[in-house]
Amino acid sequence: MTDQSLLDLDEVAGAVRTAVNQQHDLRVHDFVLIEPGGLPRTSSGKIARSACRLAYLDGRLPVTEVAARPG
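Residues numbered from 1 in each chain as written. Predicted model: local features only at pLDDT ≥ 70, side-chain atom pairs only at ≥ 80, totals over all residues. Heavy atoms only, no water.

Visitor: Explanation requested: the overall build of the protein in the structure shown.
Guide: The helix and strand inventory of the protein stands at two helices and two strands. Ordered by position from N to C terminus, the α and β elements of the protein give α-β-α-β. Each of the three principal axes of the protein carries a C-alpha extent, and together these read 35 × 35 × 20 Å. The 71 residues of the protein split such that 14% are buried. In the protein, the proportion of contacts linking residues at least 24 apart, taken out of those at least 6 apart, comes to 58%. Counting every atom, the protein has about 5,700 Å² of accessible surface; 52% of that belongs to carbon and sulfur. (Helix = DSSP H or I, 4+ residues; strand = E, 2+ residues; numbered from the N terminus. Buried < 20%, exposed > 50% of the residue type's maximum accessible area, 1.4 Å probe, protein only. Contact = heavy atoms within 4.5 Å. Areas by Shrake-Rupley, 256 points an atom, 1.4 Å probe, with all protein chains shown as cover.)

Have a look at this one:
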């Protein structure tokens, strides 16, 4: 049994969506879990946001789970 199998994906996604909405007044359109270490990083170890966005849009992120969109 993996740690991921212990998570209720829809429950986690709902909690994240609620927190983001309450704290930032934004809606989360897509909620995905990716493999550990799967985010592109800069040479200094920071998250490479542009590269991450492009990888997501191109379907190149190592996605392990995708939550259904609400409503």
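Visitor: Would you take a moment to explain the pattern of salt bridges for this structure?
Guide: Opposite charge on two side chains permits pairing when their charged atoms draw close. In total, this model carries two salt bridges according to the counting rule given. Between arginine 60 and aspartate 58 there is a salt bridge, with the nearest N and O atoms lying 3.3 Å from each other. Owing to a relative accessible area of 55%, arginine 60 belongs among the exposed residues under this scheme. Aspartate 58 gets classed as exposed once you look at its relative accessible area, which sits at 52%. (Salt bridge = Lys/Arg side-chain N within 4 Å of Asp/Glu carboxyl O.)

Visitor: Quick question: what am I supposed to make of the environment of glycine 38 here?
Guide: Mapped onto the fold, glycine 38 is located in the loop between strand 1 (32-34) and helix 2 (49-57). The spatial distance from the C-alpha of glycine 38 to the C-alpha of leucine 61 is 6.7 Å, given a sequence separation of 23 residues. With near-sequence residues (within four places) excluded, glycine 38 lies in contact with Leu61 and Pro62.

Visitor: Hey, could you run me through helix 1 (residues 9-24) in this one?
Guide: Since there are 3.6 residues in each turn of an α-helix, residues three or four apart along the chain are aligned in direction. Relative to the 22 Å expected for 16 residues at 1.5 Å per residue, helix 1 spans 22 Å between its end C-alpha atoms, a close match to the ideal helical length. Its buried side turned inward, helix 1 meets strand 1 and strand 2 (63-66). Its side-chain oxygen 3.2 Å from the backbone nitrogen of aspartate 10, aspartate 8 forms the N-cap of helix 1. Positive backbone phi, at 55 degrees, marks aspartate 25, one or two positions downstream of helix 1. (Expected span 1.5 Å × (residues − 1). Polar contact = N/O pair within 3.5 Å; in protein donor to acceptor, adjacent residues only side chain to side chain.)

Visitor: What's the story with unusual backbone geometry in this structure? I'm lost.
Guide: It is generally the case that most residues other than glycine have a negative phi and that most peptide bonds are trans. The phi dihedral of aspartate 25 falls on the positive side, at around 55 degrees, and the residue is not glycine. Topologically, aspartate 25 is positioned in the loop between helix 1 and strand 1.

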